[in-house]
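Breakdown of the fold
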Amino acid sequence: MDKIKKTFVDSDIQVFIGKQLRMGVMIACAIAIVGGIYYLCRHGLEATPKYSRFLGEPDLYTTITGIFSGIIALKARCIIQFGVVVLLATPIFRVFFSLIAFMKEKDWMYVFITALVLGVIIFSMTTGVKL
Amino acid sequence: MYTVLMFTLIVLIGAFLAGLLGSLTGLGGGVIVIPLLTLGFGVDFHYAIGAALVACIATSSGSASAYVREGITNIRLGMFLEIATTIGAVCGAAVAIFLNSNVIAVIFGLVLVFTVVMTLRKRGSDHEDVVGSPLAKKLKLYGTYPMKDGTIKSYTLTNVVPGFSVMWLAGVLSGLLGIGSGVLKVLAMDSAMKVPFKVSTTTSNFMIGVTASASAVVYLQRGYIDPGIALPIIVGVLAGSLSGAKLLKRLDVKPLKIIFCCAIFLVAINMIYNGMLGKF
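What counts and what doesn't
Residues numbered from 1 in each chain as written. Chains lettered and ligands numbered in written order. Predicted model: local features only at pLDDT ≥ 70, side-chain atom pairs only at ≥ 80, totals over all residues. Heavy atoms only, no water. Helix = DSSP H or I, 4+ residues; strand = E, 2+ residues; numbered from the N terminus. Rg over C-alpha atoms; globule rule 2.2 N^0.38 Å. Buried < 20%, exposed > 50% of the residue type's maximum accessible area, 1.4 Å probe, protein only. Contact = heavy atoms within 4.5 Å. Areas by Shrake-Rupley, 256 points an atom, 1.4 Å probe, with all protein chains shown as cover. Lys, Arg positive; Asp, Glu negative; His and termini not counted. Charge placed at Lys NZ, Arg CZ, Asp CG, Glu CD. Axes fitted to C-alpha atoms, helices over the stretch in contact; angles between N-to-C directions. Parallel < 35°, antiparallel > 145°, perpendicular 65-115°, else oblique. Left-handed = near helix turned anticlockwise from the far one by under 90°. Nonpolar A, V, L, I, M, F, W, Y, C, P; charged D, E, K, R; others polar. pLDDT = per-residue confidence, 0-100. Phe/Tyr/Trp six-rings, centres within 6.5 Å; stacked < 30°, edge-to-face > 60°. Buried area = accessible area lost by both parts, 1.4 Å probe. Salt bridge = Lys/Arg side-chain N within 4 Å of Asp/Glu carboxyl O. Polar contact = N/O pair within 3.5 Å; in protein donor to acceptor, adjacent residues only side chain to side chain. Core = buried A, V, L, I, M, F, W, Y, C linked by side-chain atoms within 4.5 Å. Pairing = 2+ DSSP bridges. Patch = residues over 30% accessible without salt bridge, like charges linked within 9 Å, V, L, I, M, F, W, Y side chains within 5 Å.

Another aspect to go through is the overall build of chain B. A tally of regular secondary structure across chain B gives 11 helices and two strands. Going from N to C terminus, chain B has its helices and strands arranged as α-α-α-α-α-α-β-β-α-α-α-α-α. Expected size for 280 residues packed as a compact globule is a radius of gyration near 19 Å; at 18 Å, chain B falls within 12% of this value. The principal-axis extents of the C-alpha atoms in chain B amount to approximately 60 × 40 × 30 Å. Counting all 280 residues of chain B, 62% fall into the buried class. For chain B, the share of sequence-separated contacts (at least 6 apart) that also reach a separation of at least 24 residues comes to 80%. Accessible surface computed for chain B: about 10,400 Å², of which carbon and sulfur atoms make up 69%. In chain B, 20 side chains carry a positive charge and 10 a negative one; their mean positions are 2 Å apart.

Let us now look at unusual backbone geometry. Look at A:Lys106: it is not a glycine, yet its phi comes out positive at around 60°. Locating A:Lys106 in the fold gives a position in the loop between α4 (76–104) and α5 (108–127). You will see that B:Lys140, though not glycine, has its phi angle at about 55°, which is positive. Along the polypeptide, B:Lys140 turns up in the loop between α6 (134–138) and β1 (143–146). Residue classification places B:Lys140 among the partly exposed positions, given a relative accessible area of 24%.

Further remarks concern the packing of helix α5 (residues 101–120) of chain B against helix α8 (residues 182–192) of chain B. Geometry of a packed helix pair, given as the angle between the helix axes and the separation of the axes. Residue and element names in this part refer to chain B. Contact pair α5 / α8: the axes reach a minimum separation of 9 Å and the direction vectors enclose 50°. The orientation of α5 relative to α8 falls into the category oblique. The two elements α5 and α8 meet at a crossing, and its hand is left-handed. In this structure, α5 contributes Phe114, Thr115, Met118 and Thr119 to the contact, and α8 contributes Val183, Leu184 and Leu187. Tallied by class, residues from the contact of α5 with α8 come to five nonpolar, two polar and no charged.

The subject of this paragraph is the confidence of the model for chain A. On average, residues of chain A score 86 in pLDDT, and 89% of them are at 70 or above. Below a pLDDT of 50 lies the segment residues 1–6 of chain A, which in the model reaches two contacts outside its immediate sequence neighbourhood of four places, other chains included.

Bringing the packing of aromatic side chains into the picture now. Counted under the stated rule, the structure contains 15 aromatic pairs over all chains. Taking the centre distance of 5.8 Å and the plane angle of 75° together, the rings of A:Tyr51 and B:Tyr47 count as edge-to-face. Here A:Tyr51, found in the loop between α1 (2–43) and α2 (59–62), pairs with B:Tyr47, found in helix α3 (residues 45–70), and the two come from separate chains. The exposure class assigned to B:Tyr47 is buried, which follows from its relative accessible area of 4%. Between B:Phe7 and B:Phe41, the ring centres sit 5.8 Å apart and the planes meet at 75°, which makes this aromatic pair edge-to-face. Taken together, the residues B:Phe7 in helix α1 (residues 4–25) and B:Phe41 in helix α2 (residues 30–41) connect sequence positions 34 residues apart.

We now examine the interface of chain A and chain B. Contacts between chain A and chain B engage 65 residues on the former and 60 residues on the latter. Regarding the contact of chain A and chain B, the summed buried area is about 5,600 Å², with carbon and sulfur atoms giving 70% of it. If you sort the residues of chain A by the area they bury against chain B, A:Tyr51, A:Phe54 and A:Leu88 come out on top, with a joint share of 13%. If you look at where chain A meets chain B, you find five salt bridges. There are 19 residue pairs in polar contact (both at pLDDT 80 or more) connecting chain A and chain B. Only α1, α2, α4 and α5 of chain A provide two or more residues apiece to the side of chain A that touches chain B. By residue number, the principal contributor to the side of chain A that touches chain B is α1(A), which donates 18 residues. Among the residues making up the side of chain A that touches chain B, the classes are represented as 37 nonpolar, 16 polar and 12 charged.

Within the largest apolar cluster, 119 residues are counted, with the highest numbers of intra-cluster contacts made by B:Leu37, B:Phe80, B:Leu141, B:Met193, B:Ile229 and B:Ile233. Not counting residues within four places of it along the chain, the set of residues in contact with B:Leu37 comprises B:Val11, B:Gly42, B:Val43, B:Ala48, B:Ala51, B:Ile229 and B:Ile233.

Residues and elements named next belong to chain B. Relative to strand β2 (residues 152–155), β1 is paired through four bridges, and the arrangement is antiparallel. By the bridge assignment, Gly143 is partnered in β2 with Tyr155. The loop that links β1 with its antiparallel partner β2 comprises five residues; one of these, Gly150, has a positive phi angle of about 95°.

Residues A:Leu45, B:Leu5 and B:Leu9 make up a contiguous nonpolar surface patch of about 300 Å² in total accessible area. Summarising the element assignment, B:Leu9 is placed in helix α1.

Here we take up the environment of A:Phe123. Residue and element names in this part refer to chain A. Secondary-structure assignment places Phe123 in helix α5. Using a relative accessible area of 48% as the deciding quantity, one classes Phe123 as partly exposed. The spacing of Phe123 and Ile92 is 31 residues in sequence and 13 Å in space, taken between C-alpha atoms.

Spelled out as structure tokens, the structure:
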């Protein structure tokens, strides 16, 4: 009985995670396309920025507050960058949802393992700020 | 000098082909996006790595969803090994900042050669009758997966520590080079841990997104991800890999795989050569 119950919950998680991953990618792609069309309409005929030399991006594209202030100001490149952020967030949310699923299953060992992975990503996020 | 429109359209076509060939041959999108941008468009290596990471996340999450739903992916195994890959990815991203583009190019070339050799190797086995190790049992890493005829097959695995270590290395390379390191991940599960091949490849694919995200958050904040490059890469690679997955079901990809691997091998040599001459 125990075993049957477990596989049931497991397959529930699988369906949910599968849907969430697809949704995340599709939403990210849609945002990037909307921003992209707007970007091409406004700047399509300008010369390409110099990508041959690495200059780094301004805060506008590297911080959440920067990206949001850019979106409010209707900056096309910020809308695209928001799509990128949604894309990066998709697997991270997947880890977060797995954490909740393992909690529901009372599988404490995997709650710990998942929390560890989430911790590494959060560490990376918070220390990744420009030095 | 391209206009923005021209650049976007050409990279879009290139990224579509990268996604298509990447999924048909099993090489993945990242390893193609980097030479495409650096050698093809003269884009700086840092921007190329940022774009490749974005490409990895898009293809991995896009295709992983189907395998997860079919119950082939071993979520616990993936979750456990992600401890190693995410720590590795953070290490790789940290080291990448101090490395010169030319050094990264040479390492990338070498990894590319390794990837080609491993891709041309014969398909891994289903590893039947594996005696699971106590540690694997303790970590609940066993699982089941559906066979082609619809029956459910169960499996266990072994060599958890060696597999975990190789995964760390896969994470480092992912963070350093912006690739998914799928080949190394499969090697760790298939050769070391004796996981059935189908489970290895799908679980590897499942892990790539999280691994790439762990270093991508660093790259994004350091300004390595440019929206003007990310746009055609996301859209192109995603459309390409989805088309590839559809084609894969009714196409014999073996000749394509060999031709393409030869081409990638030449690209790898070019990368190493240019890196040694200090041209990046």
